[in-house]
Amino acid sequence: MRLATGGRRVRRRDHAALGPARDHQLRDYGGALLVLAAALLAGAVPAAGSRYLLFVGFTFLLNVLAAQAWNLLAGYTGLLSLGNHAFVGVGAYTMAVVMIHTGVPLLAAYLLGGLGGAVFGVITYLPLFRLRGGYFAISTLLLSLAVAAWAVNWKFIGENSGLSLPFAGLPSLGGLYTYAWLTVVGFLVVQWVLLRSRLGLFFRAVRDDQEAAETAGTDPLRVKLIAVAISAFASGLAGGLLAMQLATIQPGSAFSLNFLLDMVVMATVGGLGTLMGPVFGAVLIVAIQQAFQGYATVYVLVEAALLIVVVQVVPAGLMGIPELIRRQRAQWRRRRIGDSAAANS
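In this report, the structure presented in the accompanying data block is examined.

### Points about a nonpolar patch on the surface
And then number 1: Taken together, Leu112, Leu115, Val119 and Ile123 make up a surface patch of nonpolar side chains, about 350 Å² in accessible area.
And then number 2: As for its position among the elements, Val119 is in helix α4 (residues 106–125).
And then number 3: When its relative accessible area of 44% is taken as the criterion, Val119 is described as partly exposed.

This is the structure we're talking about:
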């Protein structure tokens with residue numbers, strides 16, 4: 001793959017200039033086995049025959065998909081995007097419009113929803129790549145708010161009343177769960193392969209030191225566009241799942257800021273830049289959601305407090321706890337050796 005300025009390929013000797021990105025190559029095959037085990041366990045949920053388990057399982061999978069998509073940008077590419085919920089909303093509305101006006105099969109409409117999110121993401125984020133850090137984050141948030149306000153006033157998509165999907169074409173709860181499960185497993189596999197490829201190395205190089213990556217021949221703009229396209233496609237699919245679940249799409253549900261908050265907290269609490277982090281974060285957040293069902297204000301407060309505690313105590317998230325424990329043990333051993341040496345002297 002040519003991701004180099006001036007048409008120059010990235011040679012072996014250029015890799016040293018990519019900074020610490022090479023050190024971030026994923027070697028956690030144990031994590032991959034955990035993903036596989038979790039996927040198999042989640043795939044067995046429909047056999048239980050419980051509608052409640054199907055609903056909670058679907059909610060979990062939907063959140064995992066959204067959090068993984070956000071993590072690909074923020075965790076692996078260093079793009080702090082606060083507009084991913086706009087990709088979700090565009091994907092939901094694209095699927096609804098396609099189903100209403102074309103009558104294409106459900107699967108085709110679902111994939112077109114993902115494509116709609118990807119096209120929207122690439123077009124709208126391209127001019128924002130000149131910005132960095134907090135300026136980029138705020139600009140993406142303002143963009144998403146503008147899109148949501150536009151949806152409220154656009155007659156073609158029903159304005160504030162939204163659109164209702166053809167009920168006859170929607171899957172049952174079990175079928176919806178299967179769609180979500182296959183999508184999440186597929187996206188996890190794609191990420192696992194992608195992040196071990198040269199493109200994954202470019203993602204982390206741009207995240208760690210964009211100037212050094214550019215000096216080595218990487219084209220940061222192209223790398224960011226690819227990352228946004230993949231993330232927005234997955235987010236658009238999440239919007240399609242949401243549309244199938246709700247059957248009626250409205251701006252408030254499609255462009256929900258709460259959904260954005262959830263995906264950010266799940267990825268951050270679980271561990272940014274890791275494959276399993278958003279999965280663990282989703283388990284924790286969905287459990288809190290169910291525990292505080294009916295107490296929305298309390299839930300938001302608990303979620304915010306959890307984020308603050310994790311960022312302060314374990315900045316690397318739940319996936320960083322083993323490393324934190326190892327460091328604490330090593331520090332304790334060094335202190336004990338030092339005390340022993342002082343006592344003997």
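### Points about the packing of aromatic side chains
And then number 1: Following the criterion strictly, the structure yields 8 aromatic pairs and no others.
And then number 2: Summarising the aromatic geometry, the rings of Tyr125 and Phe136 are spaced 5.7 Å apart at their centres and angled 85° between planes, so their arrangement reads as edge-to-face. Of this pair, Tyr125 sits in helix α4 while Phe136 sits in helix α5 (residues 133–152), and the two are 11 residues apart along the sequence.
And then number 3: Judged by relative accessible area, which is 1%, Tyr125 ranks as buried.

### Quick notes on the packing of helix α2 (residues 51–77) against helix α7 (residues 198–208)
When two helices pack together, their arrangement is given by the angle between their axes and by how far apart the axes lie.
And then number 1: The interhelical angle for the contact between α2 and α7, taken along N-to-C directions, is 60°, at an axis separation of 7 Å. In terms of axis orientation, α2 runs oblique to α7. Between α2, through Leu72, Gly75, Tyr76 and Thr77, and α7, the contact on the second element is made entirely by Phe203, Arg204, Val206 and Arg207.
And then number 2: A class-by-class count of the residues in the contact of α2 with α7 yields 4 nonpolar, 2 polar and 2 charged.

### Observations concerning the nonpolar core
And then number 1: Residues Leu65, Phe203, Leu241, Met244, Phe255 and Met263 are the most contacted members of the largest nonpolar core, which totals 89 residues.
And then number 2: Ranked by the residues each element gives to this core, the list is headed by α2, at 16 residues.
And then number 3: When residues no more than four places from it in sequence are discounted, the contact partners of Leu65 are Thr183, Val184, Phe187, Ala234, Leu237, Ala238 and Leu241.

### Section: α2
And then number 1: For α2, which comprises 27 residues, the first-to-last C-alpha distance of 38 Å matches the rise-based estimate of 39 Å (1.5 Å per residue) to within 8%.
And then number 2: Along its length, α2 reaches its greatest deviation from straightness, about 40°, at Asn71.
And then number 3: Among the 27 residues that make up α2, 23 are buried, leaving the element largely enclosed by the rest of the structure.

### A few points about the pattern of salt bridges
And then number 1: Under the defined criterion, the tally for this structure stands at 5 salt bridges.
And then number 2: We note a salt bridge from Arg222 to Asp219, for which the minimum N-O separation is 3.8 Å.
And then number 3: Look at Arg222 and you get partly exposed, because its relative accessible area is 39%.
And then number 4: Residues participating in the shared-partner salt-bridge network are Glu323, Arg326 and Arg327.

### A look at the packing of α2 against helix α12 (residues 277–291)
And then number 1: Their axes nearest at 9 Å, the elements α2 and α12 cross at an angle of 135°. Put simply, α2 runs oblique to α12. Crossing hand, α2 versus α12: right-handed. Residues Tyr52, Phe55, Val56, Thr59, Phe60, Asn63, Val64, Ala67, Gln68 and Asn71 of α2 form the contact with α12, whose participating residues are Pro278, Val279, Ala282, Val283, Val286, Gln289 and Gln290.
And then number 2: Tallied by class, the residues present in the contact of α2 with α12 amount to 11 nonpolar, 6 polar and no charged.

### A closer look at unusual backbone geometry
And then number 1: Residues other than glycine seldom take positive phi values, yet Glu159 does so here, at roughly 50°.
And then number 2: Note that Glu159 resides in the loop between α5 and β1 (163–164).
And then number 3: In the Ramachandran plot, Ala247 falls in the positive-phi region, its phi being about 70° despite a non-glycine side chain.
And then number 4: Along the polypeptide, Ala247 turns up in the loop between α9 (220–246) and β2 (248–249).
And then number 5: Judged by relative accessible area, Ala247 falls into the buried class, the value being 19%.

### Digging into α4
Because an α-helix packs 3.6 residues into every turn, residues spaced three or four apart end up facing the same way.
And then number 1: Along its 20 residues, α4 runs 29 Å from first to last C-alpha, staying within 8% of the 28 Å computed at 1.5 Å per residue.
And then number 2: Looking only at α4, the buried set comprises Leu106, Ala109, Tyr110, Gly113, Gly114, Gly116, Gly117, Ala118, Phe120, Gly121, Thr124 and Tyr125.
And then number 3: In this structure, the buried residues of α4 make contact with α3 (84–101), α5, α6 (173–194) and α9.

Procedures and definitions
- Residues numbered from 1 in each chain as written.
- Predicted model: local features only at pLDDT ≥ 70, side-chain atom pairs only at ≥ 80, totals over all residues.
- Heavy atoms only, no water.
- Patch = residues over 30% accessible without salt bridge, like charges linked within 9 Å, V, L, I, M, F, W, Y side chains within 5 Å.
- Areas by Shrake-Rupley, 256 points an atom, 1.4 Å probe, with all protein chains shown as cover.
- Salt bridge = Lys/Arg side-chain N within 4 Å of Asp/Glu carboxyl O.
- Helix = DSSP H or I, 4+ residues; strand = E, 2+ residues; numbered from the N terminus.
- Buried < 20%, exposed > 50% of the residue type's maximum accessible area, 1.4 Å probe, protein only.
- Phe/Tyr/Trp six-rings, centres within 6.5 Å; stacked < 30°, edge-to-face > 60°.
- Axes fitted to C-alpha atoms, helices over the stretch in contact; angles between N-to-C directions.
- Parallel < 35°, antiparallel > 145°, perpendicular 65-115°, else oblique.
- Contact = heavy atoms within 4.5 Å.
- Nonpolar A, V, L, I, M, F, W, Y, C, P; charged D, E, K, R; others polar.
- Core = buried A, V, L, I, M, F, W, Y, C linked by side-chain atoms within 4.5 Å.
- Expected span 1.5 Å × (residues − 1).
- Bend = angle between axes of the 7 residues up to and from the residue.
- Left-handed = near helix turned anticlockwise from the far one by under 90°.

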